[in-house]
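# Analysis of the macromolecular model
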Amino acid sequence: MKILRTNIRKGLHGELRVPGDKSISHRSIIFGAISSGETEVTHFLPSDDCLSTIRAFQAIGVPVEHTHDRVLIHGVTLSGLQAPRRPLNMGNSGTTTRLLLGLLSGQPFSAQLTGDQSLSRRPMRRVTDPLSEAGARFDLTEGGTLPITVHGNPNLRPIRYPLPVASAQVKSALILAALQADGKSTIIEKQQTRDHTERMLKAFGGDIEQSGLTITVTGKPHLTGRKLAVPGDISSAAFFIAAALLVPGSLITLKQVGINPTRSGFLDVLKRMGADIQVKHPVHQAEAFADLTARCSELRAIRLSRPDIPAVIDELPLIALLATQAQGVTEITGAEELRVKETDRITVVTEELNQLGARITELPDGMLIHGPTPLHLPEDQKVDSHGDHRIGMMLAVAALTLKGELKLLNDSAISISYPGFFSDLDQLIAKGSVRL
Ligand code: S3P
């Protein structure tokens, strides 16, 4: 349980560098492991989810040295992975699970994957079905969930698969399997999703082509380890940006935040809502990054539909919070994937924000949010992350605008993606009080 900061009168101020991107950090371990030579990763995100990835790779025979945000991976190549001695514990991490299922499906051994309660409810057939078509075998629960035993097949067939869901995790699992098949595989996306795997595969020397929504991967590449600096996580930066937009008097800059166009939909959405947000000093590399400046703003309602969703999928709880303070009715549709995240984020966002005074109506595939509604303390003065890191941080941002004492239950979930969240938030708040 954590007592949240409330009643922030002087706003958020100053500069901050948020921790490394979670999606890119996971992938840096995976590609480092399957390459030859060393991969040195800086500004790695040392959060619970990424530590699950490190531990899993150590358990399958990959030497990984880790000190805070610097990681050194001694690559073993695709043919150097070893059978784990015990089940691999994925913790809460959907990305570790799905990407590892793809990778292990081409290996000459079996492995069992387990996870925590939340992860053990999440759908896995979306990866095991296409991987079975390629020749791997899986034992999974009747509901298609963890625990799963993957029986790898070193003679995987090339894949040709139109993805039925817009999911970067599923796409990435298939790319990792395709790397182990002879010849070319084709994966056709339903909608463009984050392309960190494609970019990193190229950076490590792999052969992958994209034409529209069609991705072609050549199997059995020779990948070479390299140095890699992870940009700041835009999904973490998003919490402070939202806080600055909501708390009067705020002006903050977040340094070197990843602005990959398949991930930065939040910035476009904010501009459409009328937010004062600026992107400065962009650096265009394999993964582009820039400094983001946000200032407290009047917001207006927007409509988000299916084509908008993949680029903002993790930011939708925050967009819902911002919409409670925007003029008009915000409509979010085509977002049923939110129901199979760490929690059912449609129900949890609706319930938690409505008890703070929001007027949100749940839709099967989204939400209708009526704004602006002043937020107030709930009767029992408690909100609950329900074990979902992004819900916990969104509620901590909501609290900044309230008066009185508010407790956050299950706050420890926040370390899944942002262990230093509260101290970074305190830093931005403290700078506010120094300057004014
Ligand atoms: C991720 C993809 C998204 C996202 C998750 C991370 C990734 O999940 O929500 O936080 O790193 O590939 P889906 O692929 O299930 O949409």
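Residues numbered from 1 in each chain as written. Predicted model: local features only at pLDDT ≥ 70, side-chain atom pairs only at ≥ 80, totals over all residues. Heavy atoms only, no water.

As a further point, take the packing of aromatic side chains. One pass over the full model with this rule turns up 6 aromatic pairs. Their ring planes at 70° and their centres at 5.6 Å tell us that Tyr-418 and Phe-421 sit as a pair that is edge-to-face. Residue classification places Phe-421 among the buried residues on the basis of a relative accessible area of 0%. When the ring of Phe-421 is compared with that of Phe-422, the centres are 5.1 Å apart and the planes differ by 70°; the resulting orientation is edge-to-face. You can call Phe-422 buried: its relative accessible area is 16%. Aromatic ring contacts, followed pair by pair, group Phe-239, Phe-240, Tyr-418, Phe-421 and Phe-422 into a single cluster. (Phe/Tyr/Trp six-rings, centres within 6.5 Å; stacked < 30°, edge-to-face > 60°. Buried < 20%, exposed > 50% of the residue type's maximum accessible area, 1.4 Å probe, protein only.)

What follows deals with the site of the ligand. Contacts to the ligand come from Ser-23, Arg-27, Thr-95, Arg-98, Ser-167, Ala-168, Gln-169, Arg-194, Ile-313, Asp-314 and Lys-341. The side chain of Lys-341 places a nitrogen or oxygen atom 2.7 Å from an oxygen atom of the ligand. Bound to the protein, the ligand loses 95% of the 380 Å² it would expose on its own. Judged by the fraction of its atoms near the pocket grid, the ligand is located in the largest pocket. Contributions of two or more residues to the shell around the ligand are made by α1 (22-34), α3 (94-104) and α5 (168-178). Split by residue class, the shell around the ligand holds 2 nonpolar, 4 polar and 5 charged. (Near = heavy atom within 4 Å. Polar contact = N/O pair within 3.5 Å; in protein donor to acceptor, adjacent residues only side chain to side chain. Areas by Shrake-Rupley, 256 points an atom, 1.4 Å probe, with all protein chains shown as cover. 1 Å grid on protein atoms, 1.4 Å probe; cavity = no way out; pocket = protein on both sides within 12 Å on 5 of 7 lines; lining within 4 Å. Sits in = over half its atoms within 2 Å of the grid points. Helix = DSSP H or I, 4+ residues; strand = E, 2+ residues; numbered from the N terminus. Nonpolar A, V, L, I, M, F, W, Y, C, P; charged D, E, K, R; others polar.)

Bringing the UniProt feature "domain: Enolpyruvate transferase" (unreviewed entry) in the chain into the picture now. Here, the residues flagged by UniProt with the feature "domain: Enolpyruvate transferase" (unreviewed entry) are residues 9-425. Split by type, residues 9-425 is 29% helix and 25% strand. Its first and last C-alpha atoms lie 14 Å apart. (UniProt positions renumbered as here; feature names shortened; annotations may be inferred.)

What follows covers the sheet that holds strand β22 (residues 382-384). Pairing is mixed across the open sheet formed by 3 strands, whose spatial order is β1-β23-β22. Of all the strands in the sheet, just β1 (2-3) and β22 have a single pairing partner and so form its edges. As paired strands, β22 and strand β23 (residues 407-409) are joined by 3 bridges and run parallel to one another. Across the sheet, Val-383 pairs through a bridge with Leu-408, a residue of β23. (Pairing = 2+ DSSP bridges.)

Right, let's talk about the pairing of strand β11 (residues 184-188) for a bit. The pairing of strand β10 (residues 160-162) with β11 spans 3 bridges and is classified as parallel. When the bridges of β11 are listed, Tyr-161 appears paired with Ile-187. Regarding the hand of the β-α-β motif, the stretch spanning β10, α5 and β11 is right-handed. Note: β11 against strand β13 (residues 214-218), 5 bridges, orientation antiparallel. Residue Ile-187 lies in a different strand from β13, and its bridge partner there is Ile-215. (Right-handed = clockwise from strand over helix to strand, strands pointing away.)

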